[in-house]
Amino acid sequence: MAKKKHVMKTMDTNFVPMTKEQLDAKWVGVGNYFRANSLWMLMYCTGCCAIELPQAMTSRFDMERLGMGPMATPRQADVLLVTGYLSLKTLRRLIYTYEQMSDPKYVVAFGPCTINGGIYHDSHAVINQLALYVPIDLYIAGCMPKPEAVINGFQDLINMIENKEATGWKEYHENFEWYKSNQADAVGEVFVHDEFHE
């Protein structure tokens, strides 16, 4: 039996260098892929919806398989979870927390309270539209949302990040004056005056 002669194949040498903009876009895409699969959450548990987070984290639903885990401080967190109604007093701290997070940052709002105040819609102390004060990237429906809805919401957020659709942090910078005027109308000065912030 005659041996076959090995033929070496060469690569196509028609290499076309990328422009700086194309190269930057590629790196942003790579960063978004890894960012979407390693999200650290800061849980700002203001209401009833927070009770659904432990079930979403534990073995049955296991949100860590999505690369998500809790974080204790805003400076290391990527995602801010607002789980329920916000009073005017907590709105100031929420804004302060949001501004401490590094870019890119995402906000996930749970339940109807963040949209229209929910069952507290007519209270003088509860805000009705969180999106007037900080940009919301994703709403998770339900009062309270089930763990399945929470996991589906997080998967939607991951897809939004990979597809460059979660751009609330950019909108915050672009419309900074508008957000700041809304914040000032609601709570006055956002800066917190206490022994930790002076």
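In this report, we go over the structure that sits alongside the text. Since the structure is predicted, the reported quantities are computational estimates derived from the model, not experimental observations.

Reading guide: rules and limits
- Residues numbered from 1 in each chain as written.
- Predicted model: local features only at pLDDT ≥ 70, side-chain atom pairs only at ≥ 80, totals over all residues.
- Heavy atoms only, no water.
- Helix = DSSP H or I, 4+ residues; strand = E, 2+ residues; numbered from the N terminus.
- Buried < 20%, exposed > 50% of the residue type's maximum accessible area, 1.4 Å probe, protein only.
- Contact = heavy atoms within 4.5 Å.
- Pairing = 2+ DSSP bridges.
- Axes fitted to C-alpha atoms, helices over the stretch in contact; angles between N-to-C directions.
- Parallel < 35°, antiparallel > 145°, perpendicular 65-115°, else oblique.
- Nonpolar A, V, L, I, M, F, W, Y, C, P; charged D, E, K, R; others polar.
- Expected span 1.5 Å × (residues − 1).
- Phe/Tyr/Trp six-rings, centres within 6.5 Å; stacked < 30°, edge-to-face > 60°.
- Lys NZ or Arg CZ within 6 Å of the ring centre and 35° of its normal.

## Regarding the side chain of Ser 87
Mapping Ser 87 onto the fold places it in the loop between β3 (79-82) and α3 (88-100). Ser 87 gets classed as buried once you look at its relative accessible area, which sits at 19%. Apart from residues no more than four positions distant in its own chain, Ser 87 is found in contact with Ala 125 and Val 126.

## As for the sheet that holds strand β2 (residues 68-70)
The five strands are arranged β2-β1-β3-β4-β5 in an open sheet whose pairing can be described as parallel. The open sheet has two edge strands with one neighbour each: β2 and β5 (138-140). Between one strand axis and the next, the sheet turns through 30° on average, direction left out of account. Inspection of the sheet shows strand β1 (residues 39-44) paired to β2 by three bridges, in the parallel sense. If you follow Leu 39 over to β2, its bridge partner there is Met 68. Along the sheet face, helix α5 (residues 147-162) touches β1, β2, β3, β4 (106-110) and β5 and points at about 170° away from the line of β5.

## What about unusual backbone geometry?
The linkage connecting Asp 103 with the following residue, Pro 104, adopts the cis geometry, with an omega of -5°. With an omega of 0°, the peptide bond between Cys 143 and Met 144 qualifies as cis. In this structure, Met 144 sits in the loop between β5 and α5.

## Some words on the pairing of β3
Alternating positions in β3 separate into two faces, Val 79 and Leu 81 on one and Leu 80 and Val 82 on the other, with burial throughout. Pairing of β1 with β3 involves four bridges; the strand directions are parallel. Residue pairing across strands places Leu 42 opposite Leu 80, the latter belonging to β3.

## What to know about the packing of helix α1 (residues 20-36) against α5
Look at α1 against α5: their axes get within 8 Å of each other, and the N-to-C directions meet at 170°. Classified by the interaxial angle, the pair formed by α1 and α5 is roughly antiparallel. Taken together, the residues of α5 that come into contact with α1 (itself represented by Asn 32, Tyr 33 and Ala 36) are Ile 158, Ile 161 and Glu 162. Grouping the constituent residues of the contact of α1 with α5 by class yields four nonpolar, one polar and one charged.

## Details of helix α7 (residues 176-187)
The terminal C-alpha atoms of α7, which comprises twelve residues, lie 16 Å apart, in line with the 16 Å expected from a rise of 1.5 Å per residue. Where α7 is buried, its residues meet α3 and α6 (168-174). Directly beyond the C-terminal end of α7, a positive phi value near 75° is found at Gly 188.

## Structural notes on the packing of aromatic side chains
Tallying each qualifying case throughout the model produces four aromatic pairs. When the centroid spacing of 5.6 Å and the interplanar angle of 90° are considered together, the rings of Tyr 172 and Phe 176 count as edge-to-face. The cationic tip of Lys 105 hangs over the ring face of Tyr 98; the distance from NZ or CZ to the ring centre is 4.2 Å.

## Side note on the environment of Thr 97
Mapping Thr 97 onto the fold places it in helix α3. Along the backbone, Thr 97 and Thr 73 are 24 residues apart, and their C-alpha atoms lie at a distance of 8.9 Å. Each residue touching Thr 97, except ones within four places of it in the same chain, is listed here: Leu 42, Tyr 44, Pro 74 and Leu 80.

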